[in-house]
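Breakdown of the fold
Each chain is listed here by its residues.
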Amino acid sequence: MTDQNVALPALVPADASRGRQLLRRLLRDKIALFMLVLLVVIVLAAVFAPFLTPFDPYRTSLRSRNMPPDLVHWLGTDEQGRDLVARVLFGIRLTLASGFTSLFLGGFTGTIIGVTAAYYKRADNLLMRAMDVLLSFPAILLGLAIAGIWGPGTWGIIFALAISTIPPVARVARAAALGVVNQDYLVAARALGLGDFAILHRYVLRNCATSVLVYVTLRFGQVILLGASLSFLGLGAPPPSAELGTMVSQGRSLLFTAPHVALVPCFALFLIVLVLNVLGDAARDIFDPKVQQ
Amino acid sequence: MNMVDPKPTAAIMAAESAAMASEAAPAEEPLLRVNRLRTSIATERGRMTVVNDVSFEVRAGRTLCIVGESGCGKSITSLSVMRLLPKPQGRIDAGNITLLGRDLTTLTEHQMHAVRGHEVSIVFQEPMTALNPVYTIGDQITEALLAHERCGRHEARSRVIAALREVGIPDPERRIDTFPHELSGGMRQRVVIAMALICRPKLLIADEPTTALDVTVQAQILELFRQLRDSHRMGLMLITHDLGVVAEMADDVMVMYAGRVVESGPVASIFNNPQHPYTIGLLGSLPKITERQGRLSIIPGTVPNLMAPPSGCCFHPRCPLSTERCVADAPPLAVVRGPHRSACWLAPLD
Amino acid sequence: MRDEAPILQVQDLARHYAMRGSAAVKAVDGVSFDIAIGETLALVGESGCGKSTLARMIMALDKPTGGKVQFQGTDLSRLSARHLNRLRRKFQIIFQDPYSSLNPRMTVHETLAEPLRLHRIVPAEAIAGRVAKLLECVGLTTAQGGRYPHEFSGGQRQRIGIARALACEPQLIVCDEPVSALDVSVRAQVLNLLQDLQNQFGFSYLFISHDLSVVRHISHRVAVMYLGRLVEIGPTENVFERPLHPYTQALLSAIPVADPDVPRSRIALRGELPNPTAQLSGCKFAPRCAYADGLCVAEVPVLEDSGGPTTSAVACHHWRELAVFDRGLKQEREMPGYMADIIARMSPRPA
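In this text, all values refer to a predicted model and were calculated from it rather than measured experimentally.

Thresholds, definitions, all that
Residues numbered from 1 in each chain as written. Chains lettered and ligands numbered in written order. Predicted model: local features only at pLDDT ≥ 70, side-chain atom pairs only at ≥ 80, totals over all residues. Heavy atoms only, no water. Domains from an automatic or database assignment. Contact = heavy atoms within 4.5 Å. Buried area = accessible area lost by both parts, 1.4 Å probe. Salt bridge = Lys/Arg side-chain N within 4 Å of Asp/Glu carboxyl O. Polar contact = N/O pair within 3.5 Å; in protein donor to acceptor, adjacent residues only side chain to side chain. Helix = DSSP H or I, 4+ residues; strand = E, 2+ residues; numbered from the N terminus. Nonpolar A, V, L, I, M, F, W, Y, C, P; charged D, E, K, R; others polar. Axes fitted to C-alpha atoms, helices over the stretch in contact; angles between N-to-C directions. Parallel < 35°, antiparallel > 145°, perpendicular 65-115°, else oblique. Left-handed = near helix turned anticlockwise from the far one by under 90°. Patch = residues over 30% accessible without salt bridge, like charges linked within 9 Å, V, L, I, M, F, W, Y side chains within 5 Å. Areas by Shrake-Rupley, 256 points an atom, 1.4 Å probe, with all protein chains shown as cover. pLDDT = per-residue confidence, 0-100. Pairing = 2+ DSSP bridges.

With that settled, consider the domain arrangement of chain B. Size of an interface, as often reported, equals the accessible area lost when the parts are brought together. All names here are of chain B. Once the domains are mapped, chain B shows domain 1 (10-119 + 202-294) and domain 2 (127-200). When each unit is reduced to the centre of its C-alpha atoms, the spacing between domain 1 and domain 2 is 26 Å. Between domain 1 and domain 2, the residue contacts involve 18 residues of the former and twelve residues of the latter. Taking both partners together, domain 1 and domain 2 bury about 1,300 Å²; carbon and sulfur atoms supply 67% of that area. The interface formed by domain 1 and domain 2 contains zero salt bridges. Applying the counting criterion to the domain 1 and domain 2 interface returns five residue pairs in polar contact (both at pLDDT 80 or more). The set of elements that each furnish at least two residues to the side of domain 1 that touches domain 2 consists of α3 (109-115) and α9 (215-232). With eight residues, the top contributor of residues to the side of domain 1 that touches domain 2 is α9. Looking at side-chain class alone, the side of domain 1 that touches domain 2 contains ten nonpolar, six polar and two charged residues.

Now the structure itself:
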């Protein structure tokens, strides 16, 4: 409570609702706002992909192979003659969906583990050391192992990414939960006679949510890049599946003759990751501003 | 709402000169004279004036206590004097701060470096955050010394040991090489005081220096302040919310509310004969240590929102004596009796 | 008050923390006292004296390493977790820091409804009504029930904390420095509230504080702690007007009084609180006491009655020989009439 330099908690009245407070902070950050709009556009494009292009992303055409961008195919065609706009749209769909799924799975599991470690001191050491072990596996190794056991595929990538997300999320959740566990309101909950489950759910998790959310949004971009790398290495679903990483890999050999085949999916990835990174950063400032009032 | 002071009438000017004549203090110049200081802080919702038209003086060998509750602007006042406001949110909007003849508001940051620690020092509430945990206390005090004076290593060390002894740290030759975490709260605060005084500043500002300390340690530290003020012949500006500390330490008192000075004067006069309803309410709500009372009296209402301060007198929404004039015009800090001033249209209240 | 069985009995309570490499830290080292029904016992001491640890053990949030806590005759350490949780509604706690004592993600209504639901104090349909009554009890409105803690001031949050404790219909409330973090003018409001509630509902308070003027105002008896032990315990007037233990005397002399004409009588305590792991034989206060001698260092003084049922008990070998301590607080100056008048107009007596 006492910040000795500027002790102002009593002066500025708190907002009527937290939602409005968050909204105001978001609106003030023009770049974040722009990126949010862009993200919405990208997501809508991914959702409505089938309606946005007349071309079938899987239909090959030997006649129109490696065609540069023109008025018919806006971004050109790939080495199998498939329209790149369609391929990229469906690729974005797959990328976002698999990124989101792996974040959700990894985030959920990691949060449970982290909060449990913080609340039950006896389990803390065991759980966190297990997390350290998991953390030392590079995602690529995990991807390779899963692909080796179950064959390449999108779900393999999702699981590999989910597993590599668990340890950092667990650490963040644990740190946040440790902060909560020492607060008086938690002691008050115990003094009321509340059981562990109720306390974990209503008191601990609710107060850790923000920290975990901020971390997860920051990690989204990373996960997308990792997923693309894994599918670039051939661990993703085999063609004709439209995965951005696989597309880049297939266009590699044509880099000097038909560069657009590799560069278009590359650029799509760049755009997505840029938007997500900026928003992830902005999320931290919006949810948890460290700026002195 | 910014109220410009009405032009001083002849009556007020006569009272002022009478006040100056009757002041018992010697005719020397005050160490610090703050005149109509106004400071504002930028918040998420706009700029807020947190110190509004504040004027006071601190003289050598005397203690001025600035007292008020949280949000009244007393800490920001001290930070303004030291030019330590958070940048860029904090800003001195108006007024001047004259320290030993120099106006601090006109100095550059570089020039202020020479002033801070050398002519005026400040001690804060939390000694643990005032000290750097990775350096020994000897290193930190030496750094404060060498920032302003040229000194050889051996001479510096002996001066630091002497400073530690002066603030009452036992076994200073050994303690000089300890780290802050090895000391108790009271000891750390003494170290901070030693650091503040090593260059013999003329003015010491202490912002709630004992609030975080135990009662017995607080008594020791306050006694230390008194001794040092007398032996160094310093001026002491003590900021606190504890009226007991004010009664013990102050020669002069300044009561602040919602960023303004509502009353100022010698300590006996303020406690025995307060002339502002806020001061009276404050004194009345203290539980007496001498006896058990039935119910404590309170000041109804809450502190005003500084983003939308009340019109006229800042205290009028809570004042049982408020009149139409109080709602319309902000009263100036006017002389009531000698050096005792009050910002109330109804003063004198007795 | 004295004839009924005490609501709380603490016997030889101790909490030792084993430290690797050095001796155990004895945060609480053999404390015994009772609290009667409807009584306010104040627990006074400086940091490191163990009062927070003691409070946690009384609230059964921490297991003692020695001694026992009996609530209404039941030994708390012998209860199963389920029984203990059910009994918890009878003893509640109010915290010092209003900014960390409420769950920031629960509205006031949810915070107050929680104990009502948990202990089935009222049927589900009646919860909203009871919450409204609780809010009214502490001076807040029903509309404010839908807000979150960060929208309230420190004093208001403290009231919400009090309402939460009240919701359980407890018989004992431990108040851990409930007004220390509040402004002076807000303090008075909360203290009045605590007294009114006690008059209305008849519960007991264990009032922990370092602010002796607040203690004087609100408590019936005072217990003074130093380094894990009780050094003096007795009726408030006795402890304040005739303190028997040198530490109590030093404590009283150290408080600044809000009256510039009261002479400052300083009993200077030597030195500082010792390291918590230091092994001290005999009286723990001896190193800082001006009257200590060989006996003090050799033998631990025991709390002995100074005689009579209404006088204090003190743990000192030499209390009989010590000079009578007079803080010079007896003569209370008459407040000037105009001041009393304005103060009365600020807070009119309740009807």
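Counting residues at the interface gives 20 residues for chain A and 26 residues for chain C. Sorting the residues of chain A by area buried against chain C places D184(A), A191(A) and L192(A) first, and these three jointly supply 27% of that buried surface. At the junction of chain A with chain C, the criterion picks out two salt bridges. Between R206(A) and E110(C) there is a salt bridge, with its nearest N and O atoms 3.9 Å apart. Applying the counting criterion to the chain A and chain C interface returns 13 residue pairs in polar contact (both at pLDDT 80 or more). Elements with a contribution of two residues or more to the side of chain A that touches chain C: α8 (184-192) and α9 (196-232) of chain A. Looking at which element gives the most residues to the side of chain A that touches chain C, the answer is α8(A), with seven residues. Residue composition of the side of chain A that touches chain C, by class: ten nonpolar, four polar and six charged.

All names here are of chain A. Running from N to C, α9 and helix α11 (residues 260-287) cross one another at 170°; their axes reach a closest spacing of 9 Å. If you check the angle between α9 and α11, you find them roughly antiparallel. The two elements α9 and α11 meet at a crossing, and its hand is left-handed. Taking contact as the criterion, the partners of T210, L213, V214, T217, L218, F220, G221, I224, L225 and A228 in α9 are, on α11, L269, I272, V273, L276, N277, G280, D281, A283, R284 and F287. Its residues placed into classes, the contact of α9 with α11 shows 13 nonpolar, five polar and two charged.

Attention now moves to the packing of helix α5 (residues 137-146) of chain B against helix α8 (residues 185-197) of chain B. Residues and elements named next belong to chain B. Close contact between α5 and α8 brings their axes to 8 Å; oriented N to C, the two are set at 25°. With respect to their mutual orientation, α5 and α8 come out roughly parallel. Crossing of α5 against α8: the hand is right-handed. Where α5 approaches α8, its residues I137, Q140, I141 and A144 are matched on the opposing element by V191, A194 and M195. Taken together, the residues of the contact of α5 with α8 break down into six nonpolar, one polar and no charged.

Residue and element names in this part refer to chain A. A cluster of nonpolar side chains, L36, V40, V43, L44, V47, F48, F51 and L52, forms an exposed patch at the surface whose accessible area comes to about 730 Å². Breaking the nonpolar patch down by element, the ones donating at least two residues are α2 (30-47) and α3 (49-52). Along the polypeptide, L52 turns up in helix α3.

Bringing the confidence of the model for chain B into the picture now. Taken over all residues, the pLDDT of chain B has a mean of 87, while the share at 70 or more is 92%. Note on residues 1-8 of chain B: pLDDT is under 50 here. Beyond four places in sequence and across chains, it has ten contacts.

Okay, the environment of L100(B) next. Residue and element names in this part refer to chain B. In this fold, L100 is placed in the loop between β4 (90-99) and β5 (102-103). Placed 19 residues apart in sequence, L100 and E119 show a C-alpha to C-alpha distance of 8.5 Å. Setting aside anything within four residues of it in sequence, one finds L100 in contact with L31, E119 and K202.

Residues and elements named next belong to chain B. With respect to topology, eight strands assemble into an open sheet ordered β6-β7-β8-β3-β9-β10-β12-β11, the strand pairing being mixed. Of all strands in the sheet, those bounded by a partner on one side alone are β6 (120-123) and β11 (334-337). Taking each pair of neighbouring strands and ignoring which way they run, the sheet shows an average axis angle of 20°. Of the strand pairs in this sheet, strand β7 (residues 203-207) and strand β8 (residues 235-240) are connected by five bridges, and their pairing is parallel. The residue bridging A206 from the neighbouring strand is L238, located in β8. Across the sheet, helix α12 (residues 277-284) lies against β9 (252-257) and β10 (260-266), angled at about 100° from β9, the strand it touches most.

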